[in-house]
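Remarks on the overall topology
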Amino acid sequence: MPLSRTIDSANQDDFSARLQQWRQAILADPALQHRLAMIEDPDQFIAANHAEALHLDIALPATMVANTVQPDPLGLDRFDQHLPNASAWPGPGWRPIGLVPVQGDWAVDWAHFAGLALTQPFYEDTLRKARQRPFNRLMRVRTSLTTLIETAPAQMTAPDGLIFHLSRCGSTLVAQMLAAIPGATILSEPPPLDGVIQLIQANLDLPMNSAVALVRAMASALGRPDHDGATGPFVIKLDSWHSRALPLLRLAFPDTPWIFLYREPIDILVSHHRIRGMQAVPGMLPDTIFDIPDSASLSPDDYAARVLAAICQAVLDQPTMALGMLVNYSELPDAVVRRILPHFGILPDPASQAAITAASTRNAKAPHERFTPDTAEKRHSASPSIIAAARLVADAYRALEEQRHAALRDGDAR
């Protein structure tokens, strides 16, 4: 018989107190968190909570838990205004899932990722699964940004590598190949980090040391080891517009090597013409990110081209390429093992090498499908307007290619 979903209003206060007592007991016991967070079936989860609570002499009616774990497929709970309810980072297994506005300030929502490896094409793919688990419906952990910074561990986890890219140029393939390494933590365009970067870019009066501390804390919270403590390579694939924040990210991670992956502009513009990414649509991102004048008067293809040029220019404007490396899409997938892994200081063993090779044959954004080269088809289908728009990126692309070839020659000379 289905569990009743109704709680007698006369017992509401008593039930709320017991539920709060149970939540505090869970937060005090990382092993219990892990056991409960692994359960995906709501009825099994409700029964497990009842049994576990009895061991602690907490009477927890099934209806009480049932009412807190109702599905939220649209993730609407992130829009509520409940105040931060945690005074420190939650324990192992918890990762940030979003930056949320709360009563005129900003806070961080967390979820427990027990057993969820970060092997999906994008962090948000795994995030959605974690958000819908009954455990994360029950717990709803939220901290302030101040708490995120001030209670961060003394030794925060810094990434082994950063992947900047021009969009639609193989960055997801690179991330998926790295994610095939056992024990690797590959964060592919995590929304919480983007939220922090955009918040910093929108508040130019924020002291740089505070901005750096915020980026470091968020990256470390996202990349922390899971419950089992397994550690492997930790790499962040950033959003394409994050090249505009290169100075900030290089300050935050001065010892972290980084790459910029790019591709022939016509190929990228054809891809955006078919399905436009948010960065290629005026107004989807704050105008200050790209600072493109008269954007409303540009054709969609011209606007996308100017965005690509701005992303490239941010890399070209770097005073030095220390720890940086340019990689053209034409070098993939071989460049992952030949150039990128050594650059990041990652030395895969034979088993990891085999896993990386297997991942290189799959469609990065649909891993159950085999990869099919599309360069020739994209060049053939490029319209005159796309070919014209690509000229807006030509100088920047040419400059990147000159730098890349010069670096390759210097490497060969050594």
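1. Digging into the nonpolar core
Among the nonpolar cores identified, the biggest contains 127 residues, and Trp22, Leu148, Leu178, Phe260 and Phe290 are the most heavily contacted of them. Sort the elements by how many residues they give to this core and helix α14 (residues 300–316) lands first, with 11 residues. Excluding residues that lie within four positions of it along the chain, Leu178 makes contacts with Ile163, Ala184, Ile186, Val235, Val336, Leu341 and Phe344.

2. Notes on the side chain of Asp301
By the element assignment, Asp301 lies in helix α14. Its relative accessible area of 5% is what places Asp301 among the buried residues. Polar contacts involving the side chain of Asp301 include one to the side chain of Arg276, which spans 2.8 Å. Contacts of Asp301, omitting those with residues within four sequence positions, involve Leu269, His273, Arg276, Ser385, Ile386 and Ala389.

3. Notes on the side chain of Arg224
Along the polypeptide, Arg224 turns up in the loop between α10 (208–223) and β6 (234–237). Given a relative accessible area of 13%, Arg224 falls into the buried group.

4. Thoughts on the pattern of salt bridges
In this structure the tally under the stated criterion is 16 salt bridges. Linking Asp267 and Arg379 is a salt bridge whose minimum nitrogen-to-oxygen distance equals 2.6 Å. Here the residue Asp267 occupies a position in helix α12 (residues 265–274), and Arg379 occupies one in helix α17 (residues 375–381), the gap between them amounting to 112 residues. Owing to a relative accessible area of 41%, Arg379 belongs among the partly exposed residues under this scheme. Residue Glu401 is joined to Arg404 by a salt bridge in which the shortest nitrogen-to-oxygen separation is 2.8 Å. Highlighted residues: Glu401 and Arg404, both in helix α18 (residues 384–413), separated by three residues, approximately one helical turn. A relative accessible area of 14% means that Glu401 is categorised as buried. Overall, Arg404 belongs to the buried group, its relative accessible area being 5%. Via salt bridges that share partners, Arg263, Asp267, Asp374, Lys378 and Arg379 belong to a single interconnected network.

5. Quick word on helix α3 (residues 42–55)
Spanning 14 residues, α3 covers 20 Å between terminal C-alpha atoms, matching the ideal 20 Å at 1.5 Å per step. Those residues of α3 that sit buried are Phe45, Ile46, Ala48, Asn49, Glu52 and Ala53. When α3 is viewed along its axis, its buried side chains cluster within an angular range of 165 degrees and face the same direction. Across α3 from its buried face, at more than 90 degrees, point the exposed residues Gln44 and His55. N-cap assignment for α3: the residue whose side-chain oxygen lies 3.2 Å from the backbone N of Asp43 is Asp41. Trailing α3 by a residue or two, Asp57 shows a phi angle of about 60 degrees, which is positive.

6. Some words on the sheet that holds strand β3 (residues 141–144)
With antiparallel pairing, the three strands of this open sheet are ordered in space as β1-β2-β3. Of all strands in the sheet, those bounded by a partner on one side alone are β1 (94–102) and β3. Taken over all neighbouring pairs, the strand axes of this sheet differ in orientation by 30 degrees on average, direction set aside. Strand direction decides the pairing type here: strand β2 (residues 105–112) and β3, joined by four bridges, are antiparallel. Paired with Val108 across the two strands is Thr143, which belongs to β3. Along the sheet face, α10 touches β1 and β2 and points at about 135 degrees away from the line of β1.

7. Focus on the pairing of β2
Each regular strand displays side chains that alternate between the two surfaces of the sheet. Within β2, six of the eight residues are buried, leaving the element largely enclosed by the surrounding structure. Pairing of β1 with β2, which is carried by eight bridges, proceeds in the antiparallel orientation. Looking at β2, one finds that Val100 is bridged to Ala107.

8. Focus on the packing of aromatic side chains
Aromatic ring pairs are reported here in terms of the distance separating the ring centres and the angle at which the planes meet. Enumeration according to the criterion identifies six aromatic pairs in this entry. Relative to Trp110, the ring of Trp89 lies with its centre 5.8 Å away and its plane at 50 degrees, an arrangement referred to as tilted. With Trp89 in the loop between α4 (62–66) and β1 and Trp110 in strand β2, the pair connects residues that are 21 residues apart, well separated along the chain. A relative accessible area of 13% means that Trp89 is categorised as buried. Since its relative accessible area comes to 3%, Trp110 is described here as buried.

About the cut-offs
- Residues numbered from 1 in each chain as written.
- Predicted model: local features only at pLDDT ≥ 70, side-chain atom pairs only at ≥ 80, totals over all residues.
- Heavy atoms only, no water.
- Core = buried A, V, L, I, M, F, W, Y, C linked by side-chain atoms within 4.5 Å.
- Buried < 20%, exposed > 50% of the residue type's maximum accessible area, 1.4 Å probe, protein only.
- Helix = DSSP H or I, 4+ residues; strand = E, 2+ residues; numbered from the N terminus.
- Contact = heavy atoms within 4.5 Å.
- Polar contact = N/O pair within 3.5 Å; in protein donor to acceptor, adjacent residues only side chain to side chain.
- Salt bridge = Lys/Arg side-chain N within 4 Å of Asp/Glu carboxyl O.
- Expected span 1.5 Å × (residues − 1).
- Arc of directions from axis to C-beta.
- Pairing = 2+ DSSP bridges.
- Axes fitted to C-alpha atoms, helices over the stretch in contact; angles between N-to-C directions.
- Phe/Tyr/Trp six-rings, centres within 6.5 Å; stacked < 30°, edge-to-face > 60°.

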